[in-house]
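Spelled out, the chains give:
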Amino acid sequence: MSLSLILQFAVILVALGIGARVGGIGLGLWGGVGLLALAFLGAAPTAPPIDVMLIILAVIMAASVMEAAGGIDFLVSVAEKIIRKNPKHVTIVAPLVTWTFTFLAGTGHIVYPLLPVIYEVAHQNGIRPERPLAIAPIATQQAIPTSPVAAATAAMIGLFASNKLAFGLPHILMICVPATLCGVIVAALVQTRVGKELKDDPEYQARLASGEVQAPRAKAAAGQAAPLPAKAKVSALIFLAGVAFVVVLGLFPKLRTLSGGEKPETIAMPVAIEMVMLAIAAVLLLVTKVKSDAVTKTQTCRAGITAVIGIFGLAWMGDTFIDANREVIVGGLGNMAKAAPWTFSIGLFLASVLLYSQAATARALMPLGLSLGIHPQFLIGMFPAVNGYFLIPNYGTIIAAINFDRSGTTRIGKFVINHSFLLPGLISTTVAVTVGLVIAKLFFS
């Protein structure tokens, strides 16, 4: 290992450490600082991930208009009704609901308004709140590699398109949807047995005795729902129609084939997604009549811009480091990957813990997987391994779930890493990768 590689790796760790401490867009911006430092250490910057960033921008514009029109609130209201209708099975139902709505919306942020509902339904029915509250945010993470409009999926689609590989959105859906659903269901079933019952939990009983938390009532009572904007349902349906159209274009490439000219030309899937979602955003603006200023102030828009900057800085920095040290990295991992390709998923998992982003991890490491000779279908099977950032419990949805649990059962342990989300996170990711690789082997080899 050369001194240059050690120094470059140290730069990456420092940039990630400071960026994580700053948080938000700071993580991506410090990726840019790391990239600049790598250049001074002799690493030639690679091309920035333009296609991925453009896909994310197009998608977040459509999703942001939908949110401004009340579409996100409408989807949440539907999800809340489903959860409240199945109170005794909330540990199973809640993660399936959060997975489904993340798949449709392309963002896990939809889980925030559902967390207090999940807590209330569980607690009022005498169910340990930790059980559904710990798996629900994990389920949103597992849904990201399956969503046609998620940033991580955009990274994979862009990778396959740039390498002219006959793999894309249909293969991602066929492998990752059943794989991640299996992971979520298995983890949810395990969660039904996690922890002591509320009557046997000393910390909960102490909170109950002190009046910090009220005793569960016999039946969960639904709160008074705020009235939705007039165009809320319409905006959600238009957005979901756009998502469905993207899926159809991915499943049927002939729909993207232009018949004009000397020979037919097929529009690349990244370009198709960008066109469709920009058009959907424009239609939403026209139909819902929301003000443009309101769109840029939505939580979806802010989160999307953070994702774009994260991809810009972190993925570009990671690409540059790997490209500059390709011989050493590929040489060191090549034999291991050839002997046991599944071990590459461990690298994806650990990288996601550091990069703190599924999309940045996919953009930075999946090209390395191709260069190691791992077949695309197996890279798709390992795609759910990019969900490792639950390992350090400082992500927004995780912190929110802890704060919403007034019973004190959802927690971060004494040693930080022994937190409520560790078990469901490890189980769901392991099962998803295992099932994904099996599907890839059986149907695409």
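Everything numeric in this text was worked out from a predicted model, so none of it was measured.

A.B. asks: Describe the overall build of the chain, and please don't skip the residues or the numbers.
C.D. replies: The number of helices and strands found in the chain is 20 helices and two strands. Against the compact-globule benchmark of 22 Å for 445 residues, the chain has a radius of gyration of 22 Å, which places it among compact chains. A burial count over the chain gives 53% of its 445 residues as buried. For the chain, the proportion of contacts with a sequence separation of at least 24, taken over those separated by at least 6, is 81%. For the chain, the accessible surface area stands at approximately 19400 Å², while carbon and sulfur atoms represent 68% of it.

A.B. asks: Report on unusual backbone geometry, specifying residues and quantitative values.
C.D. replies: For residues other than glycine, phi is negative in most cases, and the peptide bonds are mostly trans. Even without being glycine, K164 reaches a positive phi, approximately 50°. Its place among the elements puts K164 in the loop between α8 (151–162) and α9 (169–191).

A.B. asks: Residue-level account of a nonpolar patch on the surface, with values.
C.D. replies: Where nonpolar side chains cluster on the molecular surface, the patch consists of F245, V248, L251, F252 and L255 and spans about 460 Å² of accessible area. Topologically, L251 is positioned in helix α11 (residues 232–251). Looking at L251, the relative accessible area reads 40%, which means it is partly exposed.

A.B. asks: Account for the nonpolar core, with residues named and values stated.
C.D. replies: One recurring pattern in soluble globular proteins: nonpolar side chains tend to sit buried together. Core analysis: the biggest nonpolar cluster contains 133 residues, and M277, F344, M366, M382 and F383 have the highest contact counts within it. When residues of this core are assigned to their parent elements, the largest contribution, 11 residues, is made by helix α3 (residues 50–68). What F344 contacts, discounting residues up to four positions off in sequence, is L365, M366, L368, G369, L372, I374, L379 and M382.

A.B. asks: Any details on the packing of aromatic side chains? Residues and values, ideally.
C.D. replies: Summed over the entire model, instances satisfying the criterion amount to five aromatic pairs. Summarising the aromatic geometry, the rings of W99 and F103 are spaced 5.5 Å apart at their centres and angled 5° between planes, so their arrangement reads as stacked. Here W99 pairs with F103, and both are found in helix α5 (residues 90–105), just four residues apart, close to one helical turn. The exposure classification of W99 matches that of F103, with both residues buried.

A.B. asks: Hey, could you go over the packing of helix α7 (residues 130–143) against α9 for me, with residue numbers and the actual values?
C.D. replies: Any two packed helices are characterised by how steeply their axes cross, that is the angle between the axes, and by the distance between the axes. Where α7 meets α9, the closest approach of the two axes is 10 Å, and the angle between their N-to-C directions is 170°. Between α7 and α9, the crossing angle belongs to the class labelled roughly antiparallel. Touching E130, R131, A134, I135, A139 and Q142 of α7 are T180, V184, A187, A188 and Q191, all from α9. Of the residues contributing to the contact of α7 with α9, the split by class is six nonpolar, three polar and two charged.

A.B. asks: Give a detailed account of the environment of I380, specifying residues and quantitative values.
C.D. replies: Mapped onto the secondary structure, I380 falls in helix α18 (residues 376–381). When sequence neighbours within four positions are dropped, the list of residues in contact with I380 reads M156, F160, F167, H171, I172, I175 and C176.

A.B. asks: Before we move on, could you go through the side chain of S352 and cite the residues and values that matter?
C.D. replies: Looking at where S352 falls in the secondary structure, it is placed in helix α16 (residues 344–355). From its side chain, S352 meets the backbone oxygen of F349 in a polar contact 2.6 Å long. From its side chain, S352 meets the backbone oxygen of V386 in a polar contact 3.4 Å long. Beyond its immediate chain neighbours, meaning those up to four positions away, S352 contacts S357, T361, A385, V386, N387, G388 and Y389.

A.B. asks: Residue-level account of the pattern of salt bridges, with values.
C.D. replies: Under the defined criterion, the tally for this structure stands at nine salt bridges. Here K199 makes a salt bridge to D200, at a shortest N to O gap of 3.2 Å. What makes D200 partly exposed here is its relative accessible area of 43%. Because the salt bridges share partners, they merge into one network encompassing R128, E130, D201, E203, R207 and R411.

A.B. asks: I'd like a rundown of helix α6 (residues 115–124), residues and numbers included.
C.D. replies: With eight of its 10 residues buried, α6 lies for the most part within the structure. Among the residues of α6, those classed as buried are L115, V117, I118, Y119, V121, A122, H123 and Q124. Two residues or fewer after α6 comes G126, characterised by a positive phi angle close to 70°.

A.B. asks: Tell me about the confidence of the model for the chain, residues and numbers included.
C.D. replies: Taken residue by residue, the chain gives an average pLDDT of 85. The fraction at 70 or more is 93%. Per-residue pLDDT, averaged within each element of the chain, yields its smallest value for helix α15 (residues 326–339) (67) and its largest for α9 (96).

A.B. asks: Outline the state of the cysteines, listing residues and values.
C.D. replies: A covalent bond between the sulfur atoms of two cysteines is referred to as a disulfide. In the structure shown here, the tally under the stated rule is zero disulfides. Unpaired in terms of disulfides, C176 finds its nearest cysteine sulfur in C182, a separation of 12 Å. The exposure class of C182 is partly exposed, given its relative accessible area of 33%.

A.B. asks: Outline helix α20 (residues 422–444), supporting the account with residue identities and numerical values.
C.D. replies: An ideal rise of 1.5 Å per residue puts 33 Å on 23 residues; α20 measures up with 32 Å between its terminal C-alpha atoms. Inspection of α20 places L422, P424, G425, I427, S428, T429, A432, V433, G436, L437, I439 and A440 among the buried residues, and these make up the whole buried set. At its buried positions, α20 is contacted by α7, α9, α16 and α18.

A.B. asks: Go over the side chain of S147 with me, naming the residues and quoting the values.
C.D. replies: Checked against the element boundaries, S147 lands in the loop between α7 and α8. For S147, the residues in contact, after removing those within four places along its chain, are T102, F103, G106 and T153.

A.B. asks: Would you mind going over the environment of V194 in detail, with residue names and values included?
C.D. replies: Tracing the backbone shows V194 in the loop between α9 and α10 (202–210). Between the C-alpha atom of V194 and that of P424, which follows or precedes it by 230 residues, the distance is 9.9 Å. Residues contacting V194, with those up to four places away along its chain left out, are R128, E130, R131 and L423.

A.B. asks: So what's going on with the environment of V246? Which residues, and what values?
C.D. replies: Take V246: it is sitting in helix α11. Relative accessible area serves as the criterion here: at 1%, V246 is assigned to the buried category. With sequence-adjacent residues up to four places away left out, V246 is seen in contact with P148, L169, M269, I273, V276 and M277.

Rules behind the numbers
- Residues numbered from 1 in each chain as written.
- Predicted model: local features only at pLDDT ≥ 70, side-chain atom pairs only at ≥ 80, totals over all residues.
- Heavy atoms only, no water.
- Helix = DSSP H or I, 4+ residues; strand = E, 2+ residues; numbered from the N terminus.
- Rg over C-alpha atoms; globule rule 2.2 N^0.38 Å.
- Buried < 20%, exposed > 50% of the residue type's maximum accessible area, 1.4 Å probe, protein only.
- Contact = heavy atoms within 4.5 Å.
- Areas by Shrake-Rupley, 256 points an atom, 1.4 Å probe, with all protein chains shown as cover.
- Patch = residues over 30% accessible without salt bridge, like charges linked within 9 Å, V, L, I, M, F, W, Y side chains within 5 Å.
- Salt bridge = Lys/Arg side-chain N within 4 Å of Asp/Glu carboxyl O.
- Core = buried A, V, L, I, M, F, W, Y, C linked by side-chain atoms within 4.5 Å.
- Phe/Tyr/Trp six-rings, centres within 6.5 Å; stacked < 30°, edge-to-face > 60°.
- Axes fitted to C-alpha atoms, helices over the stretch in contact; angles between N-to-C directions.
- Parallel < 35°, antiparallel > 145°, perpendicular 65-115°, else oblique.
- Nonpolar A, V, L, I, M, F, W, Y, C, P; charged D, E, K, R; others polar.
- Polar contact = N/O pair within 3.5 Å; in protein donor to acceptor, adjacent residues only side chain to side chain.
- pLDDT = per-residue confidence, 0-100.
- Disulfide = S-S within 2.5 Å.
- Expected span 1.5 Å × (residues − 1).

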